[in-house]
Amino acid sequence: MSTTLYERLGESAGIRDLVDAIVRRHLENPVIRKRYEPLAEEPERLESAARNLCDFLEEGSGGPATYQGRSMVETHRGMNVSGEEFLAALDDIVDAMQECDLDESTQKDILHIAYSLKPEIVRL
Ligand code: HEM
């Protein structure tokens, strides 16, 4: 039987590690960190967004969680995220996946999914 993307991500614990690494990088990335400063000032909001990102990844990769956050369009509408900011976020995701030692095909699958969300995130 082939493994699901959820399994290749290391299930819930692996996804949590990945999300923590992504969030840490977003907070340090000079291109996008300003976007996350309001969240960083309210740790429970940051945790709620990180939790939702975990569930989003878990549900989307075939795991048992149910995403209860807002849709990508609803979440990012009004932010007017630029193409440059979107690429900066993808850079963070790639660096975080390398830090978490995900294999190359898993990294490609995640990058492909993340890139496909561009129309639901950029310039809304
Ligand atoms: C593939 C790329 C991205 C994905 C999958 C993604 C996903 C998400 C998810 C799941 C949430 C939590 C939603 C909720 O709690 O209801 C979120 C929140 C957020 N995202 Fe993104 N995002 C992406 C790119 C970006 C980019 C490029 C920016 C800006 C530079 C951005 C800025 C934010 C901010 C500021 C929040 C917090 C909103 C709030 O709670 O007020 N995101 N994102």
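One can find the structure itself at the top, above this paragraph.
Residues numbered from 1 in each chain as written. Predicted model: local features only at pLDDT ≥ 70, side-chain atom pairs only at ≥ 80, totals over all residues. Heavy atoms only, no water.

Draft legend 1. Expanded view of the packing of helix H3 (residues 33-40) against helix H4 (residues 43-60). Their axes nearest at 7 Å, the elements H3 and H4 cross at an angle of 115°. Across from Pro38, Leu39 and Ala40 in H3, the residues of H4 making contact are Pro43, Arg45, Leu46 and Ala49. A class-by-class count of the residues in the contact of H3 with H4 yields six nonpolar, no polar and one charged. (Axes fitted to C-alpha atoms, helices over the stretch in contact; angles between N-to-C directions. Helix = DSSP H or I, 4+ residues; strand = E, 2+ residues; numbered from the N terminus. Contact = heavy atoms within 4.5 Å. Nonpolar A, V, L, I, M, F, W, Y, C, P; charged D, E, K, R; others polar.)

Draft legend 2. Structural view of the nonpolar core. Counting 28 residues, the largest nonpolar core has Leu9, Ile15, Leu18, Val19, Ile93 and Ile110 as the members making the most contacts within it. Listed by contribution, the elements that provide at least two residues to this core are helix H1 (5-8), helix H2 (11-28), H4, helix H6 (83-99) and helix H7 (104-116). Contacts of leucine 9, omitting those with residues within four sequence positions, involve Gly14, Ile15, Leu18, Ser61, Leu102, Thr106 and Ile110. (Core = buried A, V, L, I, M, F, W, Y, C linked by side-chain atoms within 4.5 Å. Buried < 20%, exposed > 50% of the residue type's maximum accessible area, 1.4 Å probe, protein only.)

Draft legend 3. Structural view of the environment of serine 105. Here serine 105 lies in helix H7. For the pair serine 105 and arginine 8, spaced 97 residues apart in the sequence, the C-alpha separation amounts to 9.5 Å. A distance of 3.1 Å separates polar atoms of two side chains, one belonging to serine 105 and the other to aspartate 103. (Polar contact = N/O pair within 3.5 Å; in protein donor to acceptor, adjacent residues only side chain to side chain.)

Draft legend 4. Layout of the site of the ligand. The immediate surroundings of the ligand are formed by 22 residues, with Tyr36, Arg45, Asn52, Arg70 and His76 found nearest. For the ligand, a nitrogen atom lies 3.3 Å from a polar atom in the side chain of tyrosine 36. A distance of 3.1 Å separates an oxygen atom of the ligand from a polar atom in the side chain of arginine 70. Elements supplying a minimum of two residues to the shell around the ligand: H3, H4, helix H5 (72-76) and H6. The residue inventory of the shell around the ligand, partitioned by class, reads 14 nonpolar, four polar and four charged. (Near = heavy atom within 4 Å.)

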